[in-house]
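Given next are the chains, with one letter for each unit.
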Amino acid sequence: MASNTQNTMEDVNELQRLAQLAHRPHVKSFLQAEIQRLLTTVPAKTSESSATQSSASATTNGSTAKARENKAYACPIKSYGWDQTPTSVKIYVTLDGVGGVPTDQVQVTFTDGSFSVLVENLNGKTHSLSVRLSGEISPTESSFKVKKNAINISLGKTKPGSWSHLTAKEKKDDVAKKSKFDTPSPSPSEDPSAGLMGMLKKMYDDGDDEMKRTLSKAWVESQVSTACRAVML
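Residues numbered from 1 in each chain as written. Predicted model: local features only at pLDDT ≥ 70, side-chain atom pairs only at ≥ 80, totals over all residues. Heavy atoms only, no water.

**A look at the overall build of the protein chain**
Broken down by element type, the protein chain carries 6 helices and 8 strands. Looking at the protein chain as a whole, 32% of its 233 residues are labelled buried. Counting only contacts in the protein chain whose residues sit at least 6 apart along the sequence, the fraction spanning at least 24 positions is 60%. By element, 55% of the accessible surface of the protein chain is carried by carbon and sulfur atoms, the whole surface being about 14700 Å². (Helix = DSSP H or I, 4+ residues; strand = E, 2+ residues; numbered from the N terminus. Buried < 20%, exposed > 50% of the residue type's maximum accessible area, 1.4 Å probe, protein only. Contact = heavy atoms within 4.5 Å. Areas by Shrake-Rupley, 256 points an atom, 1.4 Å probe, with all protein chains shown as cover.)

**Topic: the pairing of strand S5 (residues 114-122)**
Across the 9 residues of S5, 8 count as buried, placing the element largely inside the fold. Of the strand pairs in this sheet, strand S4 (residues 106-111) and S5 are connected by 6 bridges, and their pairing is antiparallel. Bridge pairing in S5 places threonine 111 opposite serine 114. Where S5 and strand S6 (residues 125-132) come together, 7 bridges link them in antiparallel fashion. The residue of S6 that forms the bridge with serine 116 is serine 130. (Pairing = 2+ DSSP bridges.)

**Section: the layout of surface pockets**
Here the largest pocket defines a volume of roughly 320 Å³. Considering the residues around the largest pocket, the lining is formed by Phe30, Glu34, Arg37, Tyr80, Ser114, Ser116, Ser130, Val131, Arg132, Thr167, Ala168 and Lys169. Contributing elements (two or more residues each) for the lining of the largest pocket: helix H2 (25-39), S5, S6 and helix H4 (168-181). Looking at the lining of the largest pocket, its residues break down into 4 nonpolar, 4 polar and 4 charged. (1 Å grid on protein atoms, 1.4 Å probe; cavity = no way out; pocket = protein on both sides within 12 Å on 5 of 7 lines; lining within 4 Å. Points joined across faces, edges and corners; volume = space filled by probe spheres on them. Nonpolar A, V, L, I, M, F, W, Y, C, P; charged D, E, K, R; others polar.)

**Some words on the sheet that holds strand S7 (residues 137-146)**
A sheet is described by the order of its strands in space; here 4 strands give the open sequence S2-S3-S8-S7, paired in antiparallel fashion. Strands with a single pairing partner mark the edges of an open sheet, and in this sheet they are strand S2 (81-84) and S7. Across the sheet, the mean angle separating the axes of adjacent strands is 15° when strand polarity is ignored. Relative to strand S3 (residues 88-94), S2 runs antiparallel, the two sharing 4 bridges. In the sheet register, glutamine 84 faces S3, and the bridge partner there is valine 89. (Axes fitted to C-alpha atoms, helices over the stretch in contact; angles between N-to-C directions.)

**Quick notes on the sheet that holds strand S1 (residues 73-76)**
The sheet built from 4 strands is open, its strands ordered S1-S6-S5-S4 with mixed pairing. The outermost strands of the open sheet, each flanked by one partner alone, are S1 and S4. Strand-to-strand twist across the sheet, computed as the mean angle between neighbouring axes with direction ignored, equals 20°. The pairing of S1 with S6 spans 4 bridges and is parallel. Each bridged residue has a counterpart across the sheet, and for proline 76 the counterpart in S6 is serine 128.

**Some thoughts on the nonpolar core**
Formed by 23 residues in total, the largest nonpolar core has its most connected members in Phe115, Val117, Val119, Ile151, Ile153 and Leu155. Breaking this core down by element, the ones donating at least two residues are S3, S4, S5, S6 and strand S8 (150-157). Among the elements that take part in this core, S5 stands out by supplying 4 residues, more than any other. In this structure, isoleucine 151 is in contact with Ile91, Tyr92, Val93, Leu95, Val98, Val106, Val108, Val117, Val119, Phe144 and Lys145, ignoring residues within four places of it in sequence. Of all hydrophobic cores here, the second largest spans 9 residues; its members include Val12, Leu15, Ala19 and Ile35. (Core = buried A, V, L, I, M, F, W, Y, C linked by side-chain atoms within 4.5 Å.)

**Re the side chain of serine 116**
Assignment of secondary structure puts serine 116 in strand S5. Within the local environment of serine 116, its side chain forms a polar contact with the side chain of serine 130, the two groups lying 3.4 Å apart. (Polar contact = N/O pair within 3.5 Å; in protein donor to acceptor, adjacent residues only side chain to side chain.)

**Thoughts on the pattern of salt bridges**
On inspection of all chains with the given rule, the structure shows 1 salt bridge. In this structure, the salt-bridge partner of lysine 169 is aspartate 173, at a minimum N-O distance of 2.8 Å. Of this pair, lysine 169 and aspartate 173 both sit in helix H4, 4 residues apart, roughly one helical turn. The exposed category is assigned to lysine 169, whose relative accessible area is 58%. Its relative accessible area of 41% is what places aspartate 173 among the partly exposed residues. (Salt bridge = Lys/Arg side-chain N within 4 Å of Asp/Glu carboxyl O.)

Here is the structure:
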């Protein structure tokens, strides 16, 4: 069975063949961004070997500057800032010296639900970032500007409003976390204590050993207290 690395490199090779056949600059940029994202998931030596083998097919505009990309190693962008207005989302990516990189080596690609950043041969590294968004954007209303030490990106929202999260993963994780602690309210026909008992049972099932000891102690004390009151009556 092929290893994960081998499968990834086969995907990279296939994308490189597609990039060679593509004619539209936007499509080429998108494919190159995906290639770089995949290369960040494999060992450096493997990605460098693949980049060397694909020097002829990796060109986007027929520029020989792309050959320098093969000598650079992948460096994923792990931190960035963001802000929003009712109609747009602002992304701030800090990269020292990015303003000195040739314009054809800085690519930002937009889709309806994501954006990707690719900066080639910045201090011998290829920097990449790919983000799947929690909401929809309009690629035609999105843009970017390269500053001396940063890339500022503007994403045009398709629907005005406020996003609770930037990425789809953050939103999904938050929903899962909240649903874990949600307890349905009992209907009027049910025992009023059923909702409380259900909540306590969930706390016991999900709690650690200390939580379980505390709840068990509280339950025993409650039962003893109830029994004592019954005897006194």
